[in-house]
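Here is what each chain is made of, one letter per residue.
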Amino acid sequence: MIRVPLVAVLVLALQGSVFASGPDDPLPVRGQLPFKLLFLDPAPAAADLEPAGEARLALHATYENTMVATDELVHLFGETGFAAYDGRVTLPVLTSVAGSQPSGTAFILDGETLRTVLDARVGIARRLEVGIEVPFLSHGRGFLDGPIDSYHDRIHLPDGGRTGFAHNEFRAGYIGNGETVYFDEPPGGFRLGDIVVSVAGMLVRQRGRMPAVSGSLSAKLPTGGFRELQGSGSADYGGALRISRRWGRATLHAGSAYNVLGEWRLAPGVPLHNSRSLYAAFAFSATPRIHLVAQALRTSGPFPSRSGNDLGKVAMEIAAGFRCHLPGGVALEWALVENLVPYYNTPDVGTFFGVSYRTLPARPANASHSISSPPPNP
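My aim in this report is to walk through the structure given alongside it, one point at a time. (Residues numbered from 1 in each chain as written. Predicted model: local features only at pLDDT ≥ 70, side-chain atom pairs only at ≥ 80, totals over all residues. Heavy atoms only, no water.)

**Let's talk about helix α3 (residues 91-100)**
- When we look at burial in α3, the residues that qualify are Val93, Leu94, Val97 and Ala98. One side of α3 holds all its buried residues, which, seen down the axis, span an arc of 135°. Every exposed residue of α3 that faces more than 90 degrees away from the buried side is listed here: Pro92, Gly99 and Ser100. (Buried < 20%, exposed > 50% of the residue type's maximum accessible area, 1.4 Å probe, protein only. Helix = DSSP H or I, 4+ residues; strand = E, 2+ residues; numbered from the N terminus. Arc of directions from axis to C-beta.)

This is the structure:
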């Protein structure tokens, strides 16, 4: 059933006239914590919509390294180094730490995740567009732990206790509310996640000092395997408001989203909260073809706030990079993603890469003739 609307949107995109991110759009980088990737959380976007009959098609990927855990685990392994359990957080260790906490909860996320997204948006009316986001996730042990620790040590940055944990391991665990989730091996494979469909409408067009304003409604479908950490196993729904304002070579974007979440089928006893996000982005046209983009994202995730457990705290991530439009309609974009607060609820570092294509709108069959032919003599 899911393949029918997916194929329909892609066919419309291929027949449409525009494939690309807008030159001064925000970077489509959402909150990257692996547990939060299971739930709906729209990425930052501009208020602009696709014109009727036109479309965008983009492929982008974010690769991030994560080493976060309950405070007690970080203190234990950070102070004792590899002397504590050879730096490996086994299920008995995680269970013991959870039992010692007033909240009775503990978590760990240690590994690297690649999230690749095929995104299509199609204008279906003057002020209305539909979209589809098809993500693929891959979890693994990775290779960045050593370089990150060396970098922190070289410029004397705090390491968050990560040097006490074994390098290039995979651990994903959560204990609390009578539920136990624990992986000591990556699920493996490059697998389909939860597909998101959306509809957006233009509320106000930019005129004078008035910014452009649009709103969107989204639904996340449970198409990913929740047992392999590819999705939550339930449907989520959300709404977002987006604002964009241009001044010459500069563009400012802001937006907010609210998401109504279903259960986490891998741990249905965990009392999830509806999530919120807020972002601001600034784009500057350094040259006619190159835009520099920087943005900050604030997210309140689905997990409840617990003593000694940072999953329920507000997370802050930043991304900074560029978008380059090349001849022939090819556009490339890249960014570095970094955490911004000292809580253990965001990835340590990540990188984003995207590629998209743009063609000019199709012209009527007689357009070239009418333009090139001289006007008739009076």
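Having put the structure on the table, let's press on.
**A word on the pattern of salt bridges**
- Counted by the stated rule, this structure contains 13 salt bridges.
- Across the pair Glu133 and Arg115 runs a salt bridge, and its minimum N-O distance is 3.0 Å. In this pair, Glu133 is assigned in strand β3 (residues 128-140) and Arg115 in strand β2 (residues 106-125), connecting sequence segments 18 residues apart. Summarising the burial analysis for this pair, Glu133 and Arg115 share the class buried.
- With a shortest N-O distance of 3.4 Å, Glu169 and Arg171 are connected by a salt bridge. For the residue pair Glu169 and Arg171, the accessibility class agrees, reading buried in each case.
- Look at the salt bridges and you will find they share partners, linking Asp24, Asp48 and Arg246 into a network. (Salt bridge = Lys/Arg side-chain N within 4 Å of Asp/Glu carboxyl O.)

**Focus: the packing of aromatic side chains**
- A full pass over the atoms with the stated rule returns 11 aromatic pairs.
- Pairing Tyr63 with Phe143 gives two aromatic rings, centres 6.1 Å apart and planes at 25°, and the pair type is stacked. Here the residue Tyr63 occupies a position in strand β1 (residues 55-69), and Phe143 occupies one in the loop between β3 and α4 (145-154), the gap between them amounting to 80 residues.
- Classification of Phe143 by relative accessible area gives exposed; the value is 55%.
- Here the aromatic rings of Tyr174 and Phe303 are separated by 5.8 Å at their centres, their planes lie at 35°, and the arrangement is tilted. Linking Tyr174 in strand β4 (residues 171-176) with Phe303 in the loop between β12 (290-300) and β13 (315-325), this pair joins segments that are 129 residues apart in sequence. Each member of the pair, Tyr174 together with Phe303, is buried.
- Among the aromatic residues, ring-to-ring pairing joins Phe35, Phe39, Tyr174, Trp264 and Phe303 into one connected group. (Phe/Tyr/Trp six-rings, centres within 6.5 Å; stacked < 30°, edge-to-face > 60°.)

**What about the environment of Leu114?**
- Within the secondary structure layout, Leu114 lies in strand β2.
- On the basis of relative accessible area, Leu114 is assigned to the partly exposed category, the value being 25%.
- Residues Leu114 and Gln32, spaced 82 residues apart in sequence, show a C-alpha to C-alpha distance of 9.7 Å.
- Once residues lying within four places of it in the same chain are set aside, the contact partners of Leu114 are Ala61, Thr62, Tyr63, Phe136, Leu137, Ser138 and Phe190. (Contact = heavy atoms within 4.5 Å.)

**Side note on the side chain of Arg171**
- Structurally, the position occupied by Arg171 is in strand β4.
- In terms of polar contacts, Arg171 uses its side chain to reach the side chain of Tyr182, at 3.4 Å.
- If we ignore the near neighbours within four places in the chain, the residues touching Arg171 are Arg88, Val89, Ile108, Leu109, Asp110, Tyr182, Phe183 and Asp184. (Polar contact = N/O pair within 3.5 Å; in protein donor to acceptor, adjacent residues only side chain to side chain.)

**Observations concerning a nonpolar patch on the surface**
- There is a patch of nonpolar side chains on the surface, built from Trp247, Leu252, Phe282, Phe284, Leu292, Phe322, Trp334, Leu336 and Phe353 and spanning about 840 Å² of accessible area.
- Of all the secondary structure elements, the ones that give two or more residues to the nonpolar patch are β11 (275-285) and β14 (330-339). (Patch = residues over 30% accessible without salt bridge, like charges linked within 9 Å, V, L, I, M, F, W, Y side chains within 5 Å. Areas by Shrake-Rupley, 256 points an atom, 1.4 Å probe, with all protein chains shown as cover.)

**A look at the environment of Tyr279**
- In this structure, Tyr279 sits in strand β11.
- Non-local contacts of Tyr279, meaning those with residues more than four positions away in its chain, are made with Pro44, Ala45, Arg242, His253, Ala254, Gly255, Ser256, Ala296 and Leu297.
- In this structure the side chain of Tyr279 is engaged in a polar contact, spanning 2.7 Å, whose partner is the backbone oxygen of Ala45.

**A look at the nonpolar core**
- If you look at the biggest cluster of nonpolar residues, it comprises 34 residues, and the most contacted ones within it are Phe35, Leu73, Val89, Ile108, Tyr174, Trp264 and Phe303.
- For this core, the elements supplying multiple residues, two or more each, are β1, α2 (71-80), α3, β2, β4 and β5 (179-183).
- In this structure Phe303 touches Phe35, Phe39, Tyr174, Trp264, Val270, Leu272, His273, Leu311 and Gly312, once residues within four positions along its chain are discounted.
- Listed in part, the 8 residues of the second largest apolar core include Val29, Val293, Val337 and Phe352. (Core = buried A, V, L, I, M, F, W, Y, C linked by side-chain atoms within 4.5 Å.)

**What about the pairing of β4?**
- Most of β4 sits out of view: 6 of its 6 residues are buried.
- Alternating positions in β4 separate into two faces, Arg171, Gly173 and Ile175 on one and Ala172, Tyr174 and Gly176 on the other, with burial throughout.
- Pairing between β2 and β4: 5 bridges, direction antiparallel. Residue Ala106 lies in a different strand from β4, and its bridge partner there is Ile175.
- In this sheet, β5 lies alongside β4 in antiparallel orientation, the contact comprising 5 bridges. Within β5, the residue paired with Tyr174 across the bridge is Val181.
- Between β4 and β5, which pair antiparallel and follow one another directly, the connecting turn spans 2 residues, one of which, Asn177, has a positive phi of 55°. (Pairing = 2+ DSSP bridges.)

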